[in-house]
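A look at the structure
Listed below are the residues making up each chain.
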Number of protein chains: 2
Amino acid sequence: MFQLDLKSGVPISDQIVNGFIKLKALGIIKGGEQMPSVRSLALKFSVNPNTVQKAYAILESGGIIYSVKGRGSFVSEDERAHLAVIEKAKTDFYGAVKTAQGLGLSSDTLSEIINEIYKEEKKC
Amino acid sequence: MFQLDLKSGVPISDQIVNGFIKLKALGIIKGGEQMPSVRSLALKFSVNPNTVQKAYAILESGGIIYSVKGRGSFVSEDERAHLAVIEKAKTDFYGAVKTAQGLGLSSDTLSEIINEIYKEEKKC
DNA sequence: CTAAGTGTACTATGCGACTTAGTACACTTG
DNA sequence: CAAGTGTACTAAGTCGCATAGTACACTTAG
């Protein structure tokens, strides 16, 4: 699972959303798999059930999961939702590059940073 | 100058801070140059003077500008502040790459995005 | 059928960040 | 002296987030 950082200033509901998006993007959770119940996850994170419910509502509106009354919430099997996540990740990164460019960083500097990070990946 | 986006959710004071940081990073404003007065900038942006004052206080704490009672605020001539801005930009970009990596984007994908953006720069 | 567990909806409350408003003071400059 | 500057302070309002509590409809295991 993932961790919550209550001191980060990032809304808890957003952290839960991003946490599951990552888990799905990395294939740790897969389509059709059952999500933790709203109440159990709230208990696990020591957080209000309403907060988890809000996160689940966001995930459902994004097509990442779907919910069934009385049964539970499940990871969506629709591939389009997964593609949308990838697209959003690209868009976010696009914005980050634009910002870096606006601050005068060269493309070489950015490439160096990327290589540094992905080099570590290969070590694993 | 730069624009404010009141609908973005980003605090106005932060937008002002980032705006001047960019102006200095790009060399549009230079060390020793006088900043707009708190009141005049507030008028120009149709914003409360306190909000501009807050932004200036942040800029001063970061060494980007310095203020003199009764005279005004001026762009710092200390090069260390400029270097710190560059370092922060790198750190922010580092985080963006980490996030993209966490979502499964390959280094090639990121490089493509960078090339796309910096290609446009050369056109100008 | 019953009980437990599920998603969902609603209101009320507290808290903190941000912004605005207004006032005041010390300083510099023309 | 007057105007403009930075600075400091209190008060109020708005907004988003999180919590608390309750309630209802549904499904499933027993």
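Before reading further, recall that the structure is shown in the block above.
We now turn to the structure provided with this report. Please read these numbers as outputs of a predicted model, since none were measured by experiment. (Residues numbered from 1 in each chain as written. Chains lettered and ligands numbered in written order. Predicted model: local features only at pLDDT ≥ 70, side-chain atom pairs only at ≥ 80, totals over all residues. Heavy atoms only, no water.)

Considerations on the overall build of chain A
How we decide: Put simply, DSSP H or I for four residues or longer makes a helix, DSSP E for two residues or longer makes a strand, and each gets a number counted from the N terminus. In this description the radius of gyration comes from C-alpha coordinates, and the expected globular size is given by 2.2 Å times residues to the power 0.38. The classification of residues rests on relative accessible area computed with a 1.4 Å probe and restricted to protein chains. Under 20% of the type maximum is buried, over 50% is exposed, and intermediate values are partly exposed. Here a residue-residue contact requires only that any non-hydrogen atoms of the pair lie within 4.5 Å. Counting rule for charge: Lys and Arg are taken as positive, Asp and Glu as negative, and neither His nor the chain ends is counted. Taken as the charge centre is NZ of Lys, CZ of Arg, CG of Asp or CD of Glu, depending on the residue.
Counting secondary structure elements, chain A contains 5 helices and 2 strands. Whereas a compact globule of 124 residues would reach a radius of gyration of roughly 14 Å, chain A reaches 17 Å, over 25% beyond that. By principal-axis analysis of the C-alpha atoms, chain A measures approximately 55 × 35 × 30 Å. For chain A, the proportion of its 124 residues judged to be buried stands at 37%. Of the contacts formed within chain A by residues at least 6 apart in sequence, a portion of 47% connects residues at least 24 apart. On chain A, the mean spot of the 16 positive side-chain charges and the mean spot of the 14 negative ones are 6 Å from each other.

Examining the relation of the copies chain B and chain A
Heads up, the rule is: Alignment of copies: least-squares fit on C-alpha atoms of residues with pLDDT of at least 70 in both copies.
It takes a turn of 180° to lay chain B on chain A, together with a shift of 0.0 Å along the axis; the resulting RMSD is 0.1 Å. This pairing of chains is accounted for by a two-fold axis. Taken as a fraction of all interface residues of chain B, those also at the interface in chain A reach 100%, which identifies the copy contact as same-surface.

Points about the protein's contact with DNA strand C
Just so we agree on the cut-off: Whether a residue is near a molecule or strand is decided by its heavy atoms; if any one of them lies within 4 Å of it, the residue is near. Counted as a polar contact is a pair of N or O atoms within 3.5 Å, where, for protein atoms, one must be capable of donating a hydrogen and the other of accepting one, and residues adjacent in sequence contribute only when both atoms are in side chains. Amino acids outside the nonpolar list (Ala, Val, Leu, Ile, Met, Phe, Trp, Tyr, Cys, Pro) and the charged list (Asp, Glu, Lys, Arg) are all regarded as polar, and Gly is one of them.
Val 38 of chain A together with Ile 12, Asn 48, Asn 50 and Thr 51 of chain B are the nearest of the 25 residues found near DNA strand C. Close to the protein, within 4 Å, the atoms of DNA strand C are drawn from sugar and phosphate at a rate of 65%. Contact between DNA strand C and Glu 60 of chain A: a phosphate oxygen at 3.5 Å from a side-chain N or O atom of the residue. In the model, a phosphate oxygen of DNA strand C is placed 3.4 Å from a nitrogen or oxygen of the Arg 71 of chain B side chain. Only α2 (38-45), α3 (49-61), β1 (65-68) and β2 (72-75) of chain A together with α1 (12-25) and α3 (49-61) of chain B provide two or more residues apiece to the surface near DNA strand C. Across the surface near DNA strand C, the residue classes break down as 5 nonpolar, 12 polar and 8 charged.

Taken by themselves, the reported measurements are silent on function.
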